[in-house]
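# Examining the three-dimensional arrangement
Spelled out, the chains give:
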Amino acid sequence: MEDKYKNKFRIASNRLQGWNYTNNGHYYITIVTSNRINFFGNIENNEMIMNDVGQIVSDVFLKSFEIRRELILGSYILMPNHLHAIVIIDKPHTINPVETHGRASLQRQGQSHLIRAPRSISSFIAGFKSSTIKHIDNWIDQKGLSMQKFNRNNPLWQANYYDHLIRNHAEYQRIALYIENNPAQWCYDKMNPAN
């Protein structure tokens, strides 16, 4: 059976069924640019060299952990066209509904509109994506650049993102090492447009 939404095929969620993504936990996330375009810099000698746009994205990402008390940053790397990170939610436990993926949201009982669960992985990523676009567009204006601004017709980010709930210390160590070594593996990376 074809699963369509707004006449487009839906991508099946990679989320852990039944898991509440507002729960405390260690989450491995990957956020990718639209069409995997290298907006953020280049890899040189196995090291990520950020351009101005990459520096803005990195600054906004790191600032997110200063302003959101429930979030802790584990390992992190910004690559030419994607970002890998371990994001830790550490807050007093509250009961919230199971969270959906990406832009999809849940309808809470008694409410007629859809909302994204606050202090969750998807609300964090949505806020981060929105903030990066705002900061980059402001930078374009300040510099008087002829570069096209980002919007629905010219998106910076893919609509969705990848997430994985890290379940034990060994898995955390393996993922952290992968993130750390990502620049050295760029020539083999499936995210590399050259591949």
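### Structural notes on the nonpolar core
Within the largest apolar cluster, 44 residues are counted, with the highest numbers of intra-cluster contacts made by I29 and F40. When contributions to this core are tallied by element, the ones reaching two or more residues are β3 (25-32), α1 (52-67), β6 (71-78), β7 (82-89), α2 (121-143), β8 (162-166) and α3 (169-181). If sequence neighbours within four positions are ignored, I29 has contacts with L83, H84, A85, V87, I121, F124, I125, Y162 and D163.

### Overview of the packing of α1 against α2
Between α1 and α2, the shortest axis-to-axis distance is 9 Å and the interhelical angle comes to 140°. One way to sum up the angle between α1 and α2 is to call them oblique. For the crossing formed where α1 meets α2, the hand is right-handed. Packed against α1, whose contacting residues are D52, V53, I56, V57, V60, F61, S64 and F65, the element α2 presents F124, F128, S131, T132, H135, I136 and W139 at the interface. Residues that form the contact of α1 with α2 fall into these classes: 10 nonpolar, 4 polar and 1 charged.

### Quick notes on α2
Between the first and last C-alpha of α2 there are 33 Å, a value that for 23 residues agrees with the 33 Å anticipated at 1.5 Å per step. For α2, the complete set of buried residues consists of I121, S122, S123, F124, I125, F128, K129, T132, I136, D137, W139 and I140. In the core, the buried residues of α2 are packed alongside β3, α1, β6 and β7. Just downstream of α2, G144 is the residue with a positive phi angle, here 65°.

### So, the sheet that holds β7
If you walk across this open sheet you meet the 4 strands as β6-β7-β3-β8, and the pairing is antiparallel. Each of the sheet's edge strands pairs with one partner strand only, and the pair in question is β6 and β8. Averaged over all neighbouring strand pairs, the angle between strand axes comes to 20°, with direction disregarded. Here 5 bridges tie β3 to β8, and the two strands are oriented antiparallel to one another. Bridged to I29 within β8 is D163. α2 contacts β3, β6 and β7 of the sheet and is inclined by roughly 35° relative to β3. Against the sheet, α3 engages β3, β6, β7 and β8, with an angle of about 150° to β7.

### Focus: α3
Between its terminal C-alpha atoms α3 stretches 18 Å, which fits the 18 Å expected from 13 residues at 1.5 Å a residue. Burial in α3 covers these residues: E171, Y172, I175, A176 and I179. The buried residues of α3 occupy one face: seen down the axis, they fall within an arc of 130°. With respect to the buried face of α3, the exposed residues turned more than 90 degrees away are A170, R174 and E180. The inward-facing, buried residues of α3 abut β3, β6, β7 and β8. One side-chain oxygen of the residue at the start of α3 lies 3.2 Å from the amide nitrogen of A170, identifying that residue as N168.

The rules behind the values
Along each chain, residue indices are assigned from 1 in the same order as the chain's sequence is written. The predicted origin of the model limits local features to residues at a pLDDT of at least 70 and limits the giving and counting of side-chain atom pairs to 80 or more, whereas totals for whole chains, interfaces and linings rest on all residues. In computing side-chain properties, one takes all heavy atoms of the structure into account and sets aside hydrogens as well as water. Residues enter a nonpolar core if they are buried and are Ala, Val, Leu, Ile, Met, Phe, Trp, Tyr or Cys, with the set joined through side-chain atoms within 4.5 Å. Only protein chains enter the accessibility calculation, which uses a 1.4 Å probe; a residue is then buried when its area is under 20% of its type maximum, exposed when over 50%, and partly exposed in between. The helix count covers DSSP runs of H or I at least four residues long, the strand count covers runs of E at least two residues long, and both are numbered beginning at the N terminus. Whether two residues are in contact is decided by their heavy atoms: any pair within 4.5 Å suffices. Note on definitions: angles span 0 to 180 degrees between N-to-C directions of axes, and those axes are lines fitted to C-alpha atoms, for helices only across the stretch in contact. Roughly parallel here means an angle under 35 degrees, roughly antiparallel means over 145, roughly perpendicular means 65 to 115, and every remaining angle is called oblique. Crossing handedness follows the turn of the near helix against the far one: under a right angle anticlockwise gives a left-handed crossing, and clockwise gives a right-handed one. For this classification, the nonpolar set comprises Ala, Val, Leu, Ile, Met, Phe, Trp, Tyr, Cys and Pro, the charged set comprises Asp, Glu, Lys and Arg, and every other residue, Gly included, is treated as polar. Expected span of a helix, by definition, is 1.5 Å for each gap between consecutive residues, and there is one gap fewer than residues. Between any two strands, at least two bridges found by DSSP are needed for them to pair. Comment: arc refers to directions from the helix axis out to C-beta atoms. In protein, a polar contact requires one atom able to donate a hydrogen and another able to accept it; more generally it is a pair of N or O atoms within 3.5 Å, and residues adjacent in sequence count only if both atoms are side-chain atoms.

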